[in-house]
2 protein chains.
Amino acid sequence: MVQAQERTAVRAKKRFHHGDLREALIAATRDLLIEHGPDGFTLADACRRAGVTTAAPYKHFRDKQEIIEEIVARGFEELTAANAKAVAEGGPGTVAGITAIGLSYLDFAVAQPAVFRLMFGHKSKIRKVNHVDESGNRCLKSVIEQVAAYSRKHGHTADAEKIAIRLWTFVHGASSLELDGDYERVAPGLNVHDLIAGVTPKLLGAASEGRAPRGKKR
Amino acid sequence: MVQAQERTAVRAKKRFHHGDLREALIAATRDLLIEHGPDGFTLADACRRAGVTTAAPYKHFRDKQEIIEEIVARGFEELTAANAKAVAEGGPGTVAGITAIGLSYLDFAVAQPAVFRLMFGHKSKIRKVNHVDESGNRCLKSVIEQVAAYSRKHGHTADAEKIAIRLWTFVHGASSLELDGDYERVAPGLNVHDLIAGVTPKLLGAASEGRAPRGKKR
DNA sequence: TAACCTAAGTTAGATATGCTAACTTATTGA
DNA sequence: TCAATAAGTTAGCATATCTAACTTAGGTTA
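To start, this report covers the structure provided alongside it. Each chain carries its own residue numbering, running from 1 in the written order of its sequence. The lettering of chains begins at A and the numbering of ligands begins at 1, in the order of writing. At least 70 in pLDDT is required for a residue's local features to be given in this predicted model, at least 80 for side-chain atom pairs to be given and counted, and no such filter applies to totals for whole chains, interfaces and linings, which use all residues. The side-chain quantities take in all heavy atoms of the structure and omit both hydrogens and water.

Looking at the overall build of chain A
Next up, step 1: Secondary structure elements follow DSSP: runs of H or I of four or more residues count as helices, runs of E of two or more count as strands, with numbering from the N terminus. The secondary structure content of chain A amounts to 9 helices and 0 strands.
Next up, step 2: The order of helices and strands in chain A, counted from the N terminus, is α-α-α-α-α-α-α-α-α.
Next up, step 3: Any two residues having at least one pair of non-hydrogen atoms within 4.5 Å are treated as being in contact. The long-range share in chain A, meaning contacts at least 24 apart out of those at least 6 apart in sequence, stands at 70%.
Next up, step 4: Methods summary: accessible areas were calculated by the Shrake-Rupley approach with a probe of 1.4 Å, and residue burial reflects only the protein chains presented. Surface summary for chain A: the accessible area is close to 10900 Å², and the carbon and sulfur share equals 54%.

Right, dumping it as structure tokens:
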């Protein structure tokens, strides 16, 4: 038993080879991003957490930015998946379903503010543009599809892409202002969920079709 | 003449006392912010531009952040003034006037992306919260007033603050997505002015009241 | 099993930044 | 006029990113 513990300790602490430093660094960076925001993070800190020297990361990443790119890419995948799940639950092609996408977007932004900022923040930070663009496109495309389905169902003739962009714009604005604390300092106590749920039908041009989905606390 | 030139050269280059280093540093920082974005800027660079050593700024600012705070504060003043001017020109209490505020907000964001990001970016960066909050409040308050005036005029009963927040949210989203290049990579060629001018009446609950104000190129 | 190859660490160091302390120069005003 | 002070300078500390050269451990193959 003691031997086993010792072996574990050795495996965890003393081993020359870390085991999976790449993943460990990504995880540490994410944690630091959560703790200190998108700028307060340092590579050296991540190394300390992973228990390696500050030169070690360069065996796995070209530079600091490449770690960030990896995290951004994963963020887009996560967001896309969350949106898809929201649509499926809310009901494809319905106001509720489309509202659910917006709320899922907001939830993601609030849950991972730093990652969200890196994802949509000014792009010069991101070299691996292809990958990111693809994910972004997929996100919007799914909204367009839902809006188109909704329009067909209700005999609307409006341009689905135009409406989808309006929805995205509003939801992105709400998410940004919420996670940057701008609402808080100008309109404290605002319920952002209600805000999105209230405007979505308006932008869809819906008269009414039942109430908004989940109406959580804040 | 030669003497005069020499004196000028001395005044510009050699003098021990800079003359107005404080303003010079603020100007240099703004330029660097424009060139390298809100993060790429270094205090040392600003010093080089102003022609002083890297220790000089600390005679005028507590630290790097204090320069940024000054720039943010001035940004809010500028934005507030621009909005006021837009309303006056577009017509107070009209759809055109309210749309003009939104477009002025957008114009500011596009003209000074880095400053805009610092102004609305996550607030932990800003210590001098009081000043900033005041300016922010004044901005929104003027929109609320315009919406209220509009509502009175048309006999609407809607909550002016609620509508103002919806407008702000949309315009802020449009500005953010535009200046971060997110529209460009997902819907190239989009006309953001039209986007704002198209949605503003909808959010105001206006049937129609004449066309949007200026309909510039992009 | 032994020996080698290579992936994945390490140490050492070059360069840059933010900021402080102690010193120097110019301006100002009593 | 000269002393006080505002506004620079030099020197140096701590920390960050990243490179180069070295070392160690694991896996493959003879």
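Now that the structure is up, let's keep going.
A look at the interface of chain B and chain A
Next up, step 1: Across the boundary between the two partners, chain B contributes 41 residues, which contact 40 residues of chain A.
Next up, step 2: What gets called buried area is simply the loss in accessible area from a 1.4 Å probe that two parts show on being joined, summed for both. Between chain B and chain A, roughly 3400 Å² of surface is buried when both sides are summed, and carbon and sulfur atoms account for 62% of that area.
Next up, step 3: Of all residues in chain B, Arg166, Arg185 and Val186 of chain B give up the largest surface area on contact with chain A, accounting jointly for 20% of the area buried on that side.
Next up, step 4: The term polar contact refers here to a pair of N or O atoms within 3.5 Å; inside protein, the definition further demands a hydrogen-donor-capable atom paired with an acceptor-capable atom, and it admits residues adjacent in sequence only when both atoms are side-chain atoms. Scanning the region where chain B abuts chain A turns up 4 residue pairs in polar contact (both at pLDDT 80 or more).
Next up, step 5: At 11 residues, helix α8 (residues 160-179) of chain B tops the list of elements feeding residues into the side of chain B that touches chain A.
Next up, step 6: Looking at the side of chain B that touches chain A residue by residue, the classes come out as 18 nonpolar, 11 polar and 12 charged. All residues other than Ala, Val, Leu, Ile, Met, Phe, Trp, Tyr, Cys, Pro, Asp, Glu, Lys and Arg, Gly among them, are scored as polar; the first ten of these are nonpolar and the last four charged.

Some details on the packing of helix α5 (residues 95-111) of chain B against helix α6 (residues 113-120) of chain B
Residues and elements named next belong to chain B.
Next up, step 1: To get an axis, a line is fitted to the C-alpha atoms, and for a helix only the part in contact is used. The angle between two axes follows their N-to-C directions and goes from 0 to 180 degrees. Axis separation between α5 and α6 bottoms out at 5 Å; the angle between their running directions is 110°. Here α5 lies roughly perpendicular to α6, going by the angle between them. Residue-level inspection shows Tyr105, Phe108, Ala109, Val110 and Ala111 of α5 in contact with α6, the latter providing Pro113, Val115, Phe116, Met119 and Phe120.
Next up, step 2: Residue composition of the contact of α5 with α6, grouped by class: 10 nonpolar, no polar and no charged. Here is the rule for angles: anything less than 35 degrees is roughly parallel, anything more than 145 is roughly antiparallel, 65 through 115 is roughly perpendicular, and the remaining ranges are oblique.

Observations regarding the nonpolar core
Next up, step 1: The term nonpolar core refers to a set of buried residues drawn from Ala, Val, Leu, Ile, Met, Phe, Trp, Tyr and Cys, joined through side-chain atoms within 4.5 Å. Burial classes: relative accessible area under 20% of the type maximum marks a residue as buried, over 50% as exposed, and values in between as partly exposed (1.4 Å probe, protein chains only). Val147 and Tyr183 of chain A together with Val147 and Tyr183 of chain B are the most contacted members of the largest nonpolar core, which has 122 residues in total.
Next up, step 2: Those residues within four positions of tyrosine 183 of chain B in sequence are excluded, and the remaining contacts are Ile165, Trp168 and Thr169 of chain A together with Gly173, Ala174, Leu177, Glu178, Pro188, Leu190, Val192 and Leu195 of chain B.

Everything listed here is a matter of coordinates, which is why it stays silent on function.
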